[in-house]
Amino acid sequence: MPDSRLQGLVSDGPRRHIAAMDEAPEGLDDVETWIFDLDNTLTPRRQCVAAFAARFTRDFVDRLEVFDLTSLTELFIHVDQGGYNPRRAEDLCHRLDWRRTSTPSPAEVEEYWQCQFPESVVPRPGLFALFKGLRRDGFKLGVVTNGGVVGQKRKIDRLGLGHFVQSLIISDAVDCKKPDAQIFELAFRDLAVTPSKC
């Protein structure tokens, strides 16, 4: 579901849950189930990384030579690469200005990221109201996401969506990831729906 659809609610049956769209997709009235991505769909990645950068700066302030939050936030966003940089910890170790004897190892930075990033997630505006409205109106809700099981579950909990979501499929738990069609087939089976109803 594109980000623009989460900005508010409009009326007209199932279509009232879609906002900022000129025209709803064909066949929407047959929808019984909504399946969402997590990162950068339910959450705005840049804002989450900015919140994480503030947390990181606070916790590492005694080890950093320079800690201008605006500059550090931009660096974190750049290094994160939308969540697709497997070398982010190493890059941060090399690119941040550490005090002479205080440079952490990439393993320490990665462990901090894994522990603290889920606590830094923020919801898109209108997200809670959207999920609440969809469930109230009888829709099934699922999330299909790439990532680690512990971190992705913590994000869902942090967003307050756990009791709304009937199926949470996480790539590391099922040994396949998006865009592989198999991960979506697992969600369809888990929710007992056909793709045409999603």
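The following paragraphs examine the structure supplied in this document. All residue numbers refer to position in the chain's written sequence, counted from 1. Reporting of local features is limited, given that this is a predicted model, to residues whose pLDDT is at least 70; pairs of side-chain atoms are given and counted only at 80 or more, and all residues count toward the totals for whole chains, interfaces and linings. Hydrogens and waters are ignored; side-chain quantities use all the structure's heavy atoms.

### Observations concerning the environment of proline 44
Secondary structure elements follow DSSP: runs of H or I of four or more residues count as helices, runs of E of two or more count as strands, with numbering from the N terminus. Of note, proline 44 is situated in the loop between strand 1 (33-36) and helix 1 (45-60). It is 7.1 Å that separates the C-alpha atoms of proline 44 and valine 122, two residues lying 78 residues apart in sequence. It only takes one pair of heavy atoms within 4.5 Å for two residues to be counted as in contact. With residues up to four places along the chain from it excluded, the contact list for proline 44 reads Val122, Pro123 and Arg124.

### Let's talk about the pattern of salt bridges
By convention in these notes, a salt bridge is any Lys or Arg side-chain nitrogen within 4 Å of a carboxyl oxygen on Asp or Glu. Per the stated rule, a full pass over the model turns up 10 salt bridges. The salt bridge involving glutamate 74 is made with arginine 46; its shortest N-O contact spans 3.9 Å. Of this pair, glutamate 74 sits in helix 2 (residues 69-80) while arginine 46 sits in helix 1, placing them 28 residues apart in sequence. Taking the relative accessible area as the measure of exposure, glutamate 74 reaches 43% and is therefore partly exposed. Of the charged contacts, one joins glutamate 110 and arginine 88 as a salt bridge, the two residues approaching to 2.8 Å between their closest N and O atoms. Separated by 22 residues along the polypeptide, glutamate 110 in helix 4 (residues 106-116) and arginine 88 in helix 3 (residues 88-95) bring together distant segments of the chain. The classification of residues rests on relative accessible area computed with a 1.4 Å probe and restricted to protein chains. Under 20% of the type maximum is buried, over 50% is exposed, and intermediate values are partly exposed. Its relative accessible area of 23% is what places glutamate 110 among the partly exposed residues. Taking the relative accessible area as the measure of exposure, arginine 88 reaches 11% and is therefore buried.

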